[in-house]
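# Structural overview
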Amino acid sequence: RKEVEQDPGPFNVPEGATVAFNCTYSNSASQSFFWYRQDCRKEPKLLMSVYSSGNEDGRFTAQLNRASQYISLLIRDSKLSDSATYLCVVGQAGTALIFGKGTTLSVSS
Amino acid sequence: DAGVIQSPRHEVTEMGQEVTLRCKPISGHDYLFWYRQTMMRGLELLIYFNNNVPIDDSGMPEDRFSAKMPNASFSTLKIQPSEPRDSAVYFCASSWGQAQPQHFGDGTRLSIL
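Described in the following lines is the structure provided in the data block. (Residues numbered from 1 in each chain as written. Chains lettered and ligands numbered in written order. Predicted model: local features only at pLDDT ≥ 70, side-chain atom pairs only at ≥ 80, totals over all residues. Heavy atoms only, no water.)

## Section: the interface of chain A and chain B
Where interface size is given, it is often the accessible area lost as the parts come together that is meant. Each partner contributes to the interface: chain A provides 16 residues, whereas chain B provides 17 residues. Carbon and sulfur atoms supply 55% of the area buried between chain A and chain B, which totals about 1400 Å² over both sides. For chain A, the biggest contributors to the area lost against chain B are E43, A96 and F99 of chain A; these three give 31% of the whole. Connecting chain A to chain B are zero salt bridges. The interface formed by chain A and chain B contains six residue pairs in polar contact (both at pLDDT 80 or more). (Contact = heavy atoms within 4.5 Å. Buried area = accessible area lost by both parts, 1.4 Å probe. Salt bridge = Lys/Arg side-chain N within 4 Å of Asp/Glu carboxyl O. Polar contact = N/O pair within 3.5 Å; in protein donor to acceptor, adjacent residues only side chain to side chain.)

## Observations regarding the state of the cysteines
The full count for this structure, using the stated rule, is two disulfides over all chains. Bridging C23 of chain A to C88 of chain A, the disulfide has an S-S length of 2.0 Å. Sign of the S-S torsion, about -70 degrees for the bond between C23 of chain A and C88 of chain A, identifies this disulfide as left-handed. Of the two residues, C23 of chain A is situated in strand 3 (residues 19-25) and C88 of chain A in strand 9 (residues 84-91); the sequence distance between them amounts to 65 residues. Between the sulfur atoms of C23 of chain B and its disulfide partner C92 of chain B the distance amounts to 1.9 Å. (Disulfide = S-S within 2.5 Å. Helix = DSSP H or I, 4+ residues; strand = E, 2+ residues; numbered from the N terminus.)

## So, the pattern of salt bridges
Within this structure, the stated rule accounts for 13 salt bridges over all chains. With a closest N to O distance of 2.9 Å, D77 of chain A and K79 of chain A form a salt bridge. Across the salt bridge formed by E83 of chain B and R64 of chain B, the nearest N and O atoms sit 3.5 Å from each other. Residue E83 of chain B is located in the loop between strand 8 (74-79) and strand 9 (88-95), and its partner R64 of chain B is located in the loop between strand 6 (53-56) and strand 7 (65-71); the two are separated by 19 residues in the primary sequence. Judged by its relative accessible area of 10%, R64 of chain B falls in the buried class. If you follow the salt bridges from partner to partner, you end up with E62, R64, E83, R85 and D86 of chain B in one network. (Buried < 20%, exposed > 50% of the residue type's maximum accessible area, 1.4 Å probe, protein only.)

## A look at the side chain of Q92 of chain A
Take Q92 of chain A: it is sitting in the loop between strand 9 and strand 10 (98-99). If near-sequence neighbours (up to four positions away) are discounted, Q92 of chain A is found in contact with E3, N27, S30, Q31 and I98 of chain A.

## Comments concerning the environment of S7 of chain B
Residue and element names in this part refer to chain B. Residue placement: S7 occurs in strand 1 (residues 5-7). Relative accessible area serves as the criterion here: at 31%, S7 is assigned to the partly exposed category. Once the C-alpha coordinates of S7 and N51 are considered, the two residues, 44 residues apart in sequence, prove to be 21 Å apart.

Keep in mind that these numbers describe shape and distance, not what the molecule does.
The following block contains the structure:
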């Protein structure tokens, strides 16, 4: 079983749509959780951290379910500029962050 | 504040040549990471350092790859001899903690002909 798994997509949605990505992780002792965004031919950039109680940043909402070991990212009112690959990232004690392979989102007009 | 700085941005060289990639982490970050990204394999962690000391190099593909961090503000990743299958984007990242968010440089796009 892979340590961090994501549906690679692509997710193709129209502008204004709401889209959600899920990510599962295998180590129940994982301690930190993040979503990164990577645009085509660019470096990964931190989108948001994920906290146990869930957190929101504008149109983006992240949630953590420790019991089921999954993380979600919800994007409301999708914009063309949201088109990118979204990487789920998990931190564990004693190791470097583990990056998922990413979910590709394409928002069309 | 300056982010992670990598050089060169692009490198095209012939098979068998030595390639040296450079990275300057964010000041104050104790951890430095080297990654390789390809379409087929995604983002792969090659090696990482803590306070200039290599902690885990299990991702280094083979002996042709080596990495050093002589001081807190500079690291190199060297490939010798280079092969076409080494063609990829190489990222350097730094962070202030092992499980803390990493900040990436712009990457080096390496093409081995």
